[in-house]
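An overview of the molecular structure
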Amino acid sequence: MEIINSVKELKAKVSALRSLNKTVGLVPTMGALHAGHASLVSRSVQENDATVVSVFVNPTQFNDKNDLQAYPRTLDADCELLSSIGATYVFAPSVEEVYPEPDTRSFSYPPTDQVMEGAFRPGHFNGVCQIVSKLFMFVEPDRAYFGEKDFQQIAVIKAMVADYKCQGAEWAKRLTICPCPIIREDDGLARSSRNTLLSASERAIAPGIYQALQSSVEYSKTHSVQETHDKAVSEINAIEGLEVQYYDIVNALTLESVTAWEDAPHIQGCITVFCGSTPIRLIDNIKYK
Ligand code: PAF
């Protein structure tokens, strides 16, 4: 496995692979890797001749400076893990390398990028689209892998790729976005780089989020969308130290809220919860149908 810091070198390595007709998988990450990322990388290694993993804490997607500063950075440990799983290249650039000048492009894919995280973190998805589109243009991968914990992020990225495709971008025509299932701890907490920021007492209450979501699925079979929503929210808020920021039950394709279970063929519940006094923002989601 090789570590690459420059865009020029990354492009040269990838074009050498292309000239040999090799397929390339891309796994974009912000580092602080855990079993969730490992599952994406393993899948890419299985499905492609070569796998590029980017490790870059993208400043343009953070709307809170403290959050950006606190984001865990563990490049050495990340590289050890990636090498053991079989990644081919790690792309770990500086901010100046990725953004030699400010990125003034703006992306908008309503309603997917406006609701939920889009409403509570203004500019977040614009930043995600800036970095992910750059990575796609640098690597021109055959497949790109994203975890379903960030359910909304996948919908926004798919909308962005569809838009580039319409505009005739060759890289977008070739690319397949591959969503991968959430990896959970034994107690149900979704794996996240932010989990390392939880204190022991916060870590102990955090699994209450998934427990409430899971029990709401059974409950939904005999109750309305609103009742199901309210039960999940009140169960989580009843745990001292947890506070729901939003819980939206949505059409899994458009991310528009539903009011009845018949409103859409696929329905997902997407939640964000503040945990502890810092607080740490945890996100999760669950499939109703
Ligand atoms: O999901 C993440 O870790 C980030 O949003 C991503 C896709 C790597 C872009 O910075």
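The text that follows walks through the structure, step by step, so that each part is easy to find. Remember, predicted model here, so these are calculated numbers, not experimental data. Each chain carries its own residue numbering, running from 1 in the written order of its sequence. For a predicted model such as this one, the threshold for reporting local features is a pLDDT of at least 70, and the threshold for listing and counting side-chain atom pairs is 80 or more; totals across whole chains, interfaces and linings nevertheless cover every residue. Side-chain figures throughout are based on the complete set of non-hydrogen atoms in the structure, without hydrogens or water.

**Some thoughts on the nonpolar core**
- Buried Ala, Val, Leu, Ile, Met, Phe, Trp, Tyr and Cys residues that are joined via side-chain atoms within 4.5 Å together make up what is termed a nonpolar core. Residue burial is assigned from relative accessible area. The probe radius is 1.4 Å, only protein chains are included, and a residue is buried under 20% of its type maximum, exposed over 50%, and partly exposed in between. In this structure, Val52, Phe136, Met160 and Ile177 are the most contacted members of the largest nonpolar core, which totals 38 residues.
- Every helix listed is a DSSP run of H or I at least four residues long, and every strand listed is a run of E at least two residues long, numbered separately from the N terminus. Broken down by element, this core gets its largest block of residues, 9 residues, from helix α7 (residues 124-139).
- Here a residue-residue contact requires only that any non-hydrogen atoms of the pair lie within 4.5 Å. The contact partners of Ile177, leaving out residues within four places of it in the chain, are Phe136, Ala144, Phe146, Ile154, Ile157, Lys158 and Val161.
- Core analysis: the next-biggest nonpolar cluster, separate from the first, contains 27 residues, Ala212, Val217, Ile236 and Ala264 among them.

**Section: the pairing of strand β5 (residues 143-147)**
- If DSSP finds at least two bridges between two strands, the strands pair. Here 2 bridges tie strand β2 (residues 24-29) to β5, and the two strands are oriented parallel to one another. Across the sheet, the residue bridging to Gly25 is Arg143, located in β5.
- Looking at chain direction, β5 and strand β6 (residues 176-180) are connected through 5 bridges and run parallel. Within β6, the position partnered with Ala144 by the bridge is Ile177.

**Considerations on the sheet that holds strand β7 (residues 242-251)**
- If you trace the 3 strands from one edge of the open sheet to the other, you get β7-β8-β9, paired in antiparallel fashion. Edge positions in the open sheet fall to β7 and β9 (280-287), since each of these has one partner strand only. Across this sheet, the average inter-strand angle for adjacent strands is 15°, counted without regard to direction.
- For strand β8 (residues 267-275) and β9, the ladder comprises 8 bridges, and the chain directions are antiparallel. By the bridge assignment for β9, Val273 is matched with Leu282.
- Sitting on the sheet, helix α11 (residues 208-220) is in contact with β7, β8 and β9, with an inclination near 20° to β9. Lines fitted to C-alpha atoms define the axes, with helix axes restricted to the stretch in contact, and inter-axis angles between N-to-C directions lie between 0 and 180 degrees.

**Regarding the packing of aromatic side chains**
- Ring pairs are drawn from Phe, Tyr and Trp, using the six-membered ring of Trp, whenever the two centres fall within 6.5 Å, and their geometry is named by plane angle: stacked under 30 degrees, edge-to-face over 60, tilted for the rest. On inspection of all chains with the given rule, the structure shows 8 aromatic pairs.
- Ring geometry for Phe56 versus Tyr99: centroids 6.3 Å apart, planes at 45°, classification tilted. Linking Phe56 in the loop between β3 (50-55) and α3 (65-70) with Tyr99 in the loop between α5 (95-98) and α6 (117-120), this pair joins segments that are 43 residues apart in sequence. The exposure classification of Phe56 matches that of Tyr99, with both residues buried.
- Between Trp261 and Tyr288, the aromatic rings sit 5.1 Å apart at their centres with planes inclined by 50°, giving tilted as the arrangement. Taken together, the residues Trp261 in the loop between β7 and β8 and Tyr288 in the segment after β9 connect sequence positions 27 residues apart.
- Exposure remark for Trp261: the relative accessible area of 16% places this residue in the buried category.
- Residue classification places Tyr288 among the buried positions, given a relative accessible area of 12%.
- Feature note: the residues Phe136, Phe146, Tyr164 and Trp171 constitute an aromatic cluster, connected by ring pairs.
- When the NZ atom of lysine or the CZ atom of arginine is within 6 Å of a ring's centre and also within 35 degrees of its normal, the charge is said to sit over that ring. The ring of Tyr210 is capped by Arg184, whose NZ or CZ atom sits 3.5 Å from the centre of that ring.
- We note Lys231 situated over the ring of Tyr219; from NZ or CZ to the ring centre the distance is 5.1 Å.

**Some points on unusual backbone geometry**
- The omega angle of the peptide bond from Pro110 to Pro111 is 0°, so this bond is cis rather than trans.
- Mapped onto the elements, Pro111 comes out in the loop between α5 and α6.
- Here the bond from Thr278 into Pro279 is cis, since omega is -20°, no more than 30 degrees from zero.
- Residue position: Pro279 is located in the loop between β8 and β9.
- At Asn21, a residue that is not glycine, the phi angle is positive and equals roughly 60°.
- Given a relative accessible area of 72%, Asn21 falls into the exposed group.
- If you check the backbone angles, Ala32 has positive phi at about 50° while not being a glycine.
- Mapped onto the elements, Ala32 comes out in the loop between β2 and α2 (35-47).
- A relative accessible area of 10% means that Ala32 is categorised as buried.

**Points about the site of the ligand**
- As a matter of local geometry, the ligand sits amid Pro28, Thr29, Met30, Asn58, Gln61, Ile131, Val132, Phe146, Asp150 and Gln153.
- As used in this structure description, the phrase polar contact means that two N or O atoms lie within 3.5 Å; if the pair is within protein, one of them must be able to donate a hydrogen and the other to accept it, and residues adjacent in sequence are counted only when both atoms belong to side chains. In the model, an oxygen atom of the ligand is placed 2.7 Å from a nitrogen or oxygen of the Gln153 side chain.
- For the ligand, whose free accessible area comes to 290 Å², the fraction covered by protein is 90%.
- For the shell around the ligand, the elements supplying multiple residues, two or more each, are β2 and α7. Proximity is defined per residue: any heavy atom of the residue falling within 4 Å of a molecule or strand makes that residue near it. With residues, only the protein chains shown are counted as cover, and all accessible areas are computed by Shrake-Rupley using a 1.4 Å probe.

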